[in-house]
Amino acid sequence: MKQSLWEGTDLNIKTSLSKEQLQQENQRLKALTELDGLTGIYNRITIERKINEALAAKHSGAMLLFDLNNFKDVNDQYGHIAGDELLQNVAYILKKTMGNNMVARTGGDEFVIFYPNTLDMEELEQKRQMLQKRLGQIKIKNSKYFTLSASFGDAVYMERDDYIKMFSRADKLLLQNKQALHHIRAPKSQMADRLNKRVEMDTKLIRYDLQESTPVEGAYYLSYEVFQGIYRFLERALCRQGHKDDLKSFYVILFTLTEKEGGILKPEYREQEMLLLKTQIHDSLRRNDVFVQYSSCQYLVLVSDADAAGVELISRRVKERFYGNQPKNTADVILQHSFPLQASETRGSQSDSTAVGMDEAVKKS
């Protein structure tokens, strides 16, 4: 009689692995249903069940309920990612400092702590002060003036209490403390000082966000939309300043790559040649110059503090570097056209003043 393929040790191993995997999956699903997805501590439904079970077993306990002051301002001023990180830091402190006591996030910025053993009001106040101090140590990145605080409510076990009854008493006290906090008005001078500090903080954050993180030498490579925006901004600036002789000039240079006969570059080496030209433009210009790829064989450059002679020097430098690094099997030519930037109100006459400079076809030896 032939032995079944499923008889013996193999089946036992497969069954054992299957059970282990099933247990792991059950644990994972249980964690998903019991824990708050953002903070990793108990959620609202779980903490209610856990507290009711503890109260039914021991008929004792104390609850501390708190929510964060001005949490909406954190989201509005620093963004929701910063707000989420703040909530995660609060949960981290609760997990580290509360030991075996139950902690949960029951709402947006609302948290519950349950102590299984009954505490008197003095002990609860000590724990509140300790937690307030720990919360005050939480910082937001790039914020010098932010200080976190919370409003608290508490409840001590009374006969026939359950989660809802204790939570309701604690929540009522929390609301009273919150209202009292809002009624405390700082003198106008202090409020103005706080506002100035917040505005100063905003400006620092804006500068930090806008500035180039790691400035590098050479021209700044842009998208066409950004290049166009800078061009139009300068047009308006020139219009506002008027046509004075001492105005600094801006020039646009168009570099075009062609074959020596004037034809379009062959596709098989066009990308390589354009990359080479991009590198030479970047390295030949200054940090306050910008450029963009205009077409498959053209780059637009915007240079500042320049005149016609300066543009010729810049163009010559770009071309010399390009020809010096060009592969021997190609003999491409750079054509250069340039024109000065004008005030937007005189755009109609721009074509009359366009200066054109074109290289003769240069054949590499």
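Residues numbered from 1 in each chain as written. Predicted model: local features only at pLDDT ≥ 70, side-chain atom pairs only at ≥ 80, totals over all residues. Heavy atoms only, no water.

Enquirer: Got a sec to walk through the overall build of the chain? Specific residues and values, please.
Expert: Per the secondary structure count, the chain includes 10 helices and 10 strands. Within the chain, residue pairs in contact and separated by at least 24 positions form 70% of the contacts whose partners lie at least 6 positions apart. Accessible area for the chain stands at about 23,200 Å²; split by element, carbon and sulfur atoms hold 52% of it. (Helix = DSSP H or I, 4+ residues; strand = E, 2+ residues; numbered from the N terminus. Contact = heavy atoms within 4.5 Å. Areas by Shrake-Rupley, 256 points an atom, 1.4 Å probe, with all protein chains shown as cover.)

Enquirer: I'd like a description of the side chain of Gln280, backed by residues and values.
Expert: Mapped onto the elements of the fold, Gln280 is located in helix 9 (residues 267-284). Here Gln280 is in contact with Val318, Arg321, Phe322 and Asn325, once residues within four sequence places are set aside.

Enquirer: Which residues make up the environment of Ile253, and what values go with them?
Expert: Position of Ile253 relative to the elements: it lies in strand 6 (residues 250-258). When its relative accessible area of 0% is taken as the criterion, Ile253 is described as buried. Discounting chain neighbours no more than four positions away, the residues touching Ile253 are Tyr299, Leu300, Val301, Val303, Val311, Ile314, Ser315, Gln336, His337 and Ser338. (Buried < 20%, exposed > 50% of the residue type's maximum accessible area, 1.4 Å probe, protein only.)

Enquirer: Mind laying out the sheet that holds strand 1 (residues 62-68), listing which residues take part and the relevant values?
Expert: The 4 strands lie next to each other as 2-3-1-4, forming an open sheet whose pairing is antiparallel. In the strand order of this sheet, the two ends are held by strand 2 (102-105) and strand 4 (150-156), each with one partner. Looking at each pair of strands side by side, their axes are set apart by 15 degrees on average, direction ignored. Across 7 bridges, strand 1 lies against strand 4 in antiparallel orientation. For Leu65, the partnering residue across the bridge sits in strand 4 and is Gly153. (Pairing = 2+ DSSP bridges. Axes fitted to C-alpha atoms, helices over the stretch in contact; angles between N-to-C directions.)

Enquirer: Explain helix 4 (residues 80-97) residue by residue, including any values.
Expert: Each α-helix turn comprises 3.6 residues. Residues three or four places apart therefore point the same way. Here helix 4 spans 26 Å end to end across 18 residues, near enough to the 26 Å set by a 1.5 Å rise per residue. For helix 4, every residue scored as buried is listed here: Ala82, Gly83, Leu86, Leu87, Val90, Ala91, Ile93 and Leu94. Looking at the packing, one finds that the buried side of helix 4 touches strand 1, helix 3 (71-78), strand 2, strand 3 (110-115) and helix 5 (121-135). Trailing helix 4 by a residue or two, Gly99 shows a phi angle of about 60 degrees, which is positive. (Expected span 1.5 Å × (residues − 1).)

Enquirer: Go over the packing of aromatic side chains with me, naming the residues and quoting the values.
Expert: Two descriptors summarise a pair of aromatic rings, namely the distance from one centre to the other and the angle between the planes of the rings. Within the structure shown, the criterion is met by 7 aromatic pairs. Between Tyr163 and Phe167, the ring centres sit 5.6 Å apart and the planes meet at 25 degrees, which makes this aromatic pair stacked. Residue Tyr163 and its partner Phe167 are located together in helix 6 (residues 163-183), separated by 4 residues, close to a single helical turn. Residue class for Tyr163 comes out buried when judged on its relative accessible area of 1%. Residue Phe167 is classed as buried on the basis of its relative accessible area of 17%. Centroid distance Tyr224 to Tyr294: 6.0 Å. Interplanar angle 45 degrees. Geometry classified as tilted. Of this pair, Tyr224 sits in helix 8 (residues 224-241) while Tyr294 sits in strand 7 (residues 290-295), and the two are 70 residues apart along the sequence. (Phe/Tyr/Trp six-rings, centres within 6.5 Å; stacked < 30°, edge-to-face > 60°.)

Enquirer: Please set out the confidence of the model for the chain residue by residue, giving values where relevant.
Expert: Confidence in the prediction of the chain, expressed as mean pLDDT, is 80, and 77% of residues score 70 or more. Averaged pLDDT values for the elements of the chain fall to 40 in strand 10 (residues 355-356) and rise to 96 in strand 3. Residue range residues 11-15 is modelled with pLDDT below 50. Its contacts to residues more than four positions away, or to other chains, number 2 contacts. A low-confidence stretch, residues 347-365 stays under pLDDT 50, and its non-local contacts, those more than four residues away or across chains, total 34 contacts. (pLDDT = per-residue confidence, 0-100.)

Enquirer: So, the environment of Phe227: which residues are in play, and what are the values?
Expert: In this fold, Phe227 is placed in helix 8. According to the relative accessible area criterion, Phe227 is buried, its value standing at 3%. Between the C-alpha atoms of Phe227 and Val292, which are 65 residues apart in sequence, the distance is 6.9 Å. Other than its neighbours up to four places away in sequence, Phe227 contacts Leu222, Val290, Phe291, Val292, Leu300, Val301 and Leu302.

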